[in-house]
Amino acid sequence: MKFAVIVFPGSNCDIDMFHAVKDELGEEAEYVWHDETDLSRFDGILLPGGFSYGDYLRSGAIARFANVMKEVVKAAEAGKPVLGVCNGFQILLEAGLLPGAMKRNENLKFMCRPTKLIVQNEKTMFTSAYEKEQAISVPIAHGEGNYYCDELTLERLRENNQIVFTYENNPNGSLEDIAGIVNERGNVLGMMPHPERAVDALLGSADGLNLFKSIVKNWRESHVTTA
């Protein structure tokens, strides 16, 4: 499986994302600059964290207009897995690939620490290697991770089982403790915590590795045939 790791000016978690895929899983990965106009050669798209374009206007608001985002939308529409982490999640929201918006953390401070997540939906292409209601340790590092949406959107998220991860102890004020959601089709995941920083016990936790394993497993089951 070949992954595109999208790099915007200001991305700073692209190397971590590359490491998770290339070194921990042994899959193919390639850094792709924000002005790329063709992602058809890739099987999965990864939008890493950081401060794209300096987080001017709003986090992700400028990156949403980068040339590569037209291709990310095409990949999502084609059913390819698209993962946005932290700033990547914010970009997916700004691009309309996921519903809702991000506000500043409730305490108005940047937070960087390990956080417990609860797996709410284990039946997505990103979470099949987890158990329902499994508690996992994944670090956060954000100043604008306070997820918000209106009541109608929240109801749809609930009805369609789109809330994939919640915080055990909500660190930022996110509505309904939401830490990660998928689109209705289930192939676009946005989450504020960083699974790519939890792929080896040496990092303090390997709980994030199963997310990447789930993506690869789903792809192989869909694309690889055996005689």
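Before reading further, recall that the structure is shown in the block above.
In this report, the structure presented in the accompanying data block is examined. Going along each chain's sequence as written, the residues are numbered from 1 onward. The predicted origin of the model limits local features to residues at a pLDDT of at least 70 and limits the giving and counting of side-chain atom pairs to 80 or more, whereas totals for whole chains, interfaces and linings rest on all residues. Side-chain metrics in this entry use all non-hydrogen atoms of the structure; hydrogen atoms and water are not considered.

1. Overview of the pairing of strand 1 (residues 2–7)
Reasoning step 1: The buried count for strand 1 comes to five of six residues, which makes it a mostly enclosed element.
Reasoning step 2: At least two DSSP bridges between two strands are needed for those strands to be called paired. Secondary structure elements follow DSSP: runs of H or I of four or more residues count as helices, runs of E of two or more count as strands, with numbering from the N terminus. The pairing of strand 1 with strand 2 (residues 28–33) spans six bridges and is parallel. Within strand 2, the residue paired with Phe3 across the bridge is Ala29.
Reasoning step 3: The pairing of strand 1 with strand 3 (residues 44–47) spans three bridges and is parallel. Accessibility here uses a 1.4 Å probe with only protein chains present; expressed as a share of the type maximum, an area under 20% marks a residue as buried, one over 50% as exposed, and anything in between as partly exposed.

2. Examining the nonpolar core
Reasoning step 1: Core analysis: the biggest nonpolar cluster contains 69 residues, and Ile45 and Phe165 have the highest contact counts within it.
Reasoning step 2: At six residues, the largest contribution of residues to this core is made by helix 5 (residues 209–223). Here, the term nonpolar core denotes a set of buried Ala, Val, Leu, Ile, Met, Phe, Trp, Tyr and Cys residues that are joined through side-chain atoms within 4.5 Å.

3. Side note on the layout of surface pockets
Reasoning step 1: Here a cavity denotes grid points, spaced 1 Å and computed from the protein atoms alone, that fit a 1.4 Å probe unable to get out, and a pocket denotes an open set having protein on both sides within 12 Å along at least 5 of 7 lines; residues with an atom within 4 Å of a point are the lining. Grid points are joined across faces, edges and corners, and a volume is the space filled by probe spheres set on the points. Of the pockets and cavities examined, the largest pocket occupies roughly 190 Å³.
Reasoning step 2: In terms of lining, the largest pocket is formed by 16 residues, of which the most central are Gly50, Phe51, Phe110, Ala141 and His142.
Reasoning step 3: Residue assignment for the lining of the largest pocket shows that the elements contributing at least two residues are helix 3 (87–94) and strand 7 (135–142).
Reasoning step 4: For the lining of the largest pocket, the class distribution of residues is five nonpolar, eight polar and three charged. Gly counts as polar in this scheme, as do all residues outside two lists: the nonpolar Ala, Val, Leu, Ile, Met, Phe, Trp, Tyr, Cys and Pro, and the charged Asp, Glu, Lys and Arg.

4. Observations regarding the sheet that holds strand 2
Reasoning step 1: The nine strands lie next to each other as 2-1-3-4-11-10-9-6-7, forming an open sheet whose pairing is mixed. Lying at the two open borders of the sheet, with one neighbouring strand each, are strand 2 and strand 7. Each neighbouring strand pair of the sheet contributes to a mean axis angle of 25°, computed without reference to strand direction.
Reasoning step 2: Relative to strand 11 (residues 188–191), strand 10 (residues 178–182) runs antiparallel, the two being bridged by three bridges. Note on strand 11: the bridge partner recorded for Ile181 is Gly190. To obtain an axis, a line is fitted to C-alpha atoms, over the contacting stretch when the element is a helix, and the angle between two such axes runs from 0 to 180 degrees between their N-to-C directions.

5. Details of the environment of Ala101
Reasoning step 1: Mapping Ala101 onto the fold places it in strand 5 (residues 101–103).
Reasoning step 2: Residue classification places Ala101 among the partly exposed residues on the basis of a relative accessible area of 35%.
Reasoning step 3: Taking the C-alpha atoms as reference points, Ala101 and Glu144, separated by 43 residues in sequence, lie 9.9 Å from one another.

6. Overview of the pattern of salt bridges
Reasoning step 1: In what follows, salt bridge is the name for a side-chain nitrogen of Lys or Arg lying within 4 Å of a carboxyl oxygen of Asp or Glu. A full pass over the atoms with the stated rule returns ten salt bridges.
Reasoning step 2: Its salt-bridge partner being Glu30, residue Arg41 comes within 3.1 Å of it at the nearest N-O pair. One end of the pair, Arg41, is in the loop between strand 2 and strand 3; the other, Glu30, is in strand 2, with eleven residues separating them in the sequence.
Reasoning step 3: Judged by its relative accessible area of 37%, Arg41 is partly exposed.
Reasoning step 4: It is possible to trace a salt-bridge network through shared partners that takes in Lys2, Glu30, Glu36 and Arg41.

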